[in-house]
Amino acid sequence: MSHPPVIAVYPGTFDPITLGHEDVVRRACQLFDHVIVAVAAGHHKKTLFTLEERLEMVRESVAPYPNASVESFTGLVRDFVVAKGGKAMVRGLRAVTDFDYEFQLAGMNRHLMPDVETVFLTPGDKYQFISSTFVREIASLGGEVDKFVSPAVQARLMERVGRA
């Protein structure tokens, strides 16, 4: 008996996508039939990269995973997940400091989407401390980011902060 494909949505701003994000995508692709990496338009955050640039970087980064796709969304992630038929929302957890916020968010999402489970995935040890915020800050201050992002993302980052 075949079941309908289990779709998971991994939402984020991805400004820029890091190796930690990529690791979470890889792990999610092993668990779900299809993973939609949902790039937030970022109305509430000032982003370094435009939505189109972030979509391009995420598409390049998840290209090795045939069961992953990339789409943008605006508004509530709930509406996007429901519209796409998502059964799970993937969230990356780096450290205990993420947990409190993510736990509250998962509770709110359960209230808004009772049929959708939140699944927490942790990136590999070497990615535990990476965040897009740190990567942007390090790059803008002239530091090396090659251990945190793919070469393609690094090139765009260097160009954006005027170090290309």
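Refer to the structure above for everything that follows.
Residues numbered from 1 in each chain as written. Predicted model: local features only at pLDDT ≥ 70, side-chain atom pairs only at ≥ 80, totals over all residues. Heavy atoms only, no water.

S.K.: Any chance you could break down helix 2 (residues 51–62) for me, citing the residues and the numbers?
M.R.: For helix 2, spanning 12 residues, the distance from its first C-alpha to its last is 16 Å, which sits close to the expected 16 Å at 1.5 Å a residue. By the burial criterion, the buried members of helix 2 are Glu53, Arg54, Leu55, Met57, Val58, Ser61 and Val62. On the buried face of helix 2, the contacting elements are helix 1 (19–31), strand 2 (34–40), strand 3 (68–73) and helix 6 (151–160). (Helix = DSSP H or I, 4+ residues; strand = E, 2+ residues; numbered from the N terminus. Expected span 1.5 Å × (residues − 1). Buried < 20%, exposed > 50% of the residue type's maximum accessible area, 1.4 Å probe, protein only. Contact = heavy atoms within 4.5 Å.)

S.K.: Describe the environment of Pro123, naming the residues involved and giving the relevant values.
M.R.: Looking at where Pro123 falls in the secondary structure, it is placed in the loop between strand 5 (117–121) and helix 5 (132–140). Setting aside chain neighbours within four positions, we find Pro123 in contact with Gly20, Asp23, Val24, Arg27, Leu93 and Gln128.

S.K.: Lay out the nonpolar core in plain terms, naming residues and giving numbers.
M.R.: Counting residues in each nonpolar core, the largest one holds 34 residues, and the members touching the most others are Val25, Val37, Val58, Val62, Val90 and Val145. Going through the elements one at a time, strand 1 (7–12), helix 1, strand 2, helix 2, strand 3, strand 4 (88–92), helix 5 and helix 6 are the ones with two or more residues in this core. For this core, the element with the most residues is helix 1, which contributes five residues. In contact with Val37, not counting residues within four places along its chain, are Tyr10, Phe14, Val25, Val58, Val62, Ser69, Val70 and Glu71. (Core = buried A, V, L, I, M, F, W, Y, C linked by side-chain atoms within 4.5 Å.)

S.K.: Report on the pattern of salt bridges, specifying residues and quantitative values.
M.R.: By the definition in use, this model includes 10 salt bridges. We note a salt bridge from Asp23 to Arg27, for which the minimum N-O separation is 2.9 Å. Taken together, the positions of Asp23 and Arg27, both in helix 1 and four residues apart, correspond to about one turn of that helix. Overall, Asp23 belongs to the buried group, its relative accessible area being 8%. Among the salt bridges present, the one from Glu102 reaches Arg91, with a minimum N-O distance of 2.8 Å. Taken as a pair, Glu102 in helix 4 (residues 96–112) and Arg91 in strand 4 lie far apart in primary sequence, 11 residues in all. Assessed through its relative accessible area of 6%, Glu102 is described here as buried. Sharing partners across several salt bridges, the network here consists of Asp23, Arg26 and Arg27. (Salt bridge = Lys/Arg side-chain N within 4 Å of Asp/Glu carboxyl O.)

S.K.: Just give me the short version of helix 5, but keep the residues and values in it.
M.R.: Three or four residues apart is the spacing at which side chains of an α-helix point the same way, because the helix has 3.6 residues per turn. Those residues of helix 5 that sit buried are Ser132, Val135 and Ala139. Axial view of helix 5: buried residues confined to an arc of 60°, hence all on one face. Packed against the buried residues of helix 5 are helix 1 and helix 6. At the C-terminal side of helix 5, Gly142 shows a positive phi close to 90°. (Arc of directions from axis to C-beta.)

S.K.: Run through the sheet that holds strand 4, naming residues and quoting values.
M.R.: If you walk across this open sheet you meet the five strands as 3-2-1-4-5, and the pairing is parallel. Of all strands in the sheet, those bounded by a partner on one side alone are strand 3 and strand 5. Taking each pair of neighbouring strands and ignoring which way they run, the sheet shows an average axis angle of 30°. Here strand 1 runs beside strand 2; their pairing, made up of six bridges, is parallel. Across the sheet, residue Gly12 finds its bridge partner in strand 2, namely Val39. Running at roughly 125° to strand 5, helix 1 makes contact with strand 1, strand 2, strand 3, strand 4 and strand 5 of the sheet. (Pairing = 2+ DSSP bridges. Axes fitted to C-alpha atoms, helices over the stretch in contact; angles between N-to-C directions.)

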